Amino acid sequence: HQYKLAYAGFKENNHEWGMAATGHNIGMVYAELEQFDEALDYIENAYAAHEKIGHRRGMVGGLSVLGTIYRKQGKRRKARRYFNDSLRLAQEVGVIWSAIATVVDVAELEMSYGRMQQAAQLLTFAIRQETIEATTLEKAQKLLDELKAELPDEIMAAVETAVDNLTLTEIIDRIIQA
């Protein structure tokens, strides 16, 4: 409730930065509650505010959250477009931790398509990154543990080898070209 009051105040006073940050947070809460219409409204408005003030890091986060919302709604192609846009912009801006989080989101999308080996590769890569945030690491490990329970040991060994020498740029290029 306090966030909504703050958002209304920022909006009334045309405070773009406050609208962007607060709207993004409200949208994320609605997304977690699976109230997708409300989530989309807040995140899209927050994205527009970030774009208006030139805050590209905020735009990266908005694109990623939009991808997650669309994935949860089963709109996988739309989700993939937003994830790809988030990865491109994260790479341009140098927001490595956000790019890694989006790699994990793409892995979850791959799982929804039944592409378990590709998902395992993305998750294994993400987990190995020093700049991975704790919540992203926890999510990635949980998803990878699910895959390890399903995939044969020889597939998992191949996954480990496949990502041994890859860079984040190479992973992003593979995702975008897929």
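These notes cover the structure that comes with them.

**Section: the packing of aromatic side chains**
- In total, this model carries two aromatic pairs according to the counting rule given.
- Look at Tyr70 and Tyr82: their rings are 5.5 Å apart centre to centre, the planes differ by 20°, and that puts the pair in the stacked class. Of the two residues, Tyr70 is situated in helix H4 (residues 56-72) and Tyr82 in helix H5 (residues 76-93); the sequence distance between them amounts to twelve residues.
- A relative accessible area of 5% places Tyr70 in the buried class.

**Some thoughts on the side chain of Thr68**
- One can find Thr68 in helix H4.
- Of the residues examined, Thr68 reaches a relative accessible area of 17% and is grouped as buried.
- In this structure Thr68 touches Phe83 and Asp105, once residues within four positions along its chain are discounted.

**With respect to the packing of helix H6 (residues 96-112) against helix H8 (residues 134-150)**
- One can describe the packing of H6 onto H8 by two numbers: an axis separation of 10 Å at closest approach and a directional angle of 25°. Judged on the interaxial angle alone, H8 and H6 are roughly parallel. By crossing handedness, the relation of H6 to H8 is classed as left-handed. Touching Ile100, Ala101, Val104, Asp105, Glu108 and Met111 of H6 are Thr136, Lys139, Ala140, Leu143, Glu146 and Leu147, all from H8.
- Tallied by class, residues from the contact of H6 with H8 come to seven nonpolar, one polar and four charged.

**Some words on the side chain of Ser86**
- Relative to the helices and strands, Ser86 resides in helix H5.
- The residues contacting Ser86, other than those within four sequence positions of it, are Val60, Leu63, Ser64 and Thr102.

**A few points about the pattern of salt bridges**
- For the structure on display, the rule yields ten salt bridges.
- One salt bridge in this structure joins Lys72 and Glu32, with 3.8 Å as the shortest N-O distance. You can see Lys72 sitting in helix H4 and its partner Glu32 sitting in helix H2 (residues 16-32), a full 40 residues away along the chain.
- With a relative accessible area of 31%, Lys72 lands in the partly exposed category.
- Residue Glu92 pairs with Arg56 through a salt bridge whose shortest N-O separation is 3.1 Å. Note that Glu92 is positioned in helix H5 and Arg56 in helix H4, a separation of 36 residues in sequence.

**Comments concerning unusual backbone geometry**
- The phi torsion at Glu34 lies on the positive side, around 60°, for a residue other than glycine.
- On the secondary structure map, Glu34 appears in the loop between H2 and helix H3 (36-53).

**Some details on the nonpolar core**
- Counting 50 residues, the largest nonpolar core has Ile69, Leu123 and Leu147 as its most contacted members.
- Residue contributions to this core peak at eight residues, all from H6.
- Each residue touching Leu147, except ones within four places of it in the same chain, is listed here: Met111, Met116, Ala119, Ala120 and Leu123.

Rules used in this analysis
Residues numbered from 1 in each chain as written. Predicted model: local features only at pLDDT ≥ 70, side-chain atom pairs only at ≥ 80, totals over all residues. Heavy atoms only, no water. Phe/Tyr/Trp six-rings, centres within 6.5 Å; stacked < 30°, edge-to-face > 60°. Helix = DSSP H or I, 4+ residues; strand = E, 2+ residues; numbered from the N terminus. Buried < 20%, exposed > 50% of the residue type's maximum accessible area, 1.4 Å probe, protein only. Contact = heavy atoms within 4.5 Å. Axes fitted to C-alpha atoms, helices over the stretch in contact; angles between N-to-C directions. Parallel < 35°, antiparallel > 145°, perpendicular 65-115°, else oblique. Left-handed = near helix turned anticlockwise from the far one by under 90°. Nonpolar A, V, L, I, M, F, W, Y, C, P; charged D, E, K, R; others polar. Salt bridge = Lys/Arg side-chain N within 4 Å of Asp/Glu carboxyl O. Core = buried A, V, L, I, M, F, W, Y, C linked by side-chain atoms within 4.5 Å.

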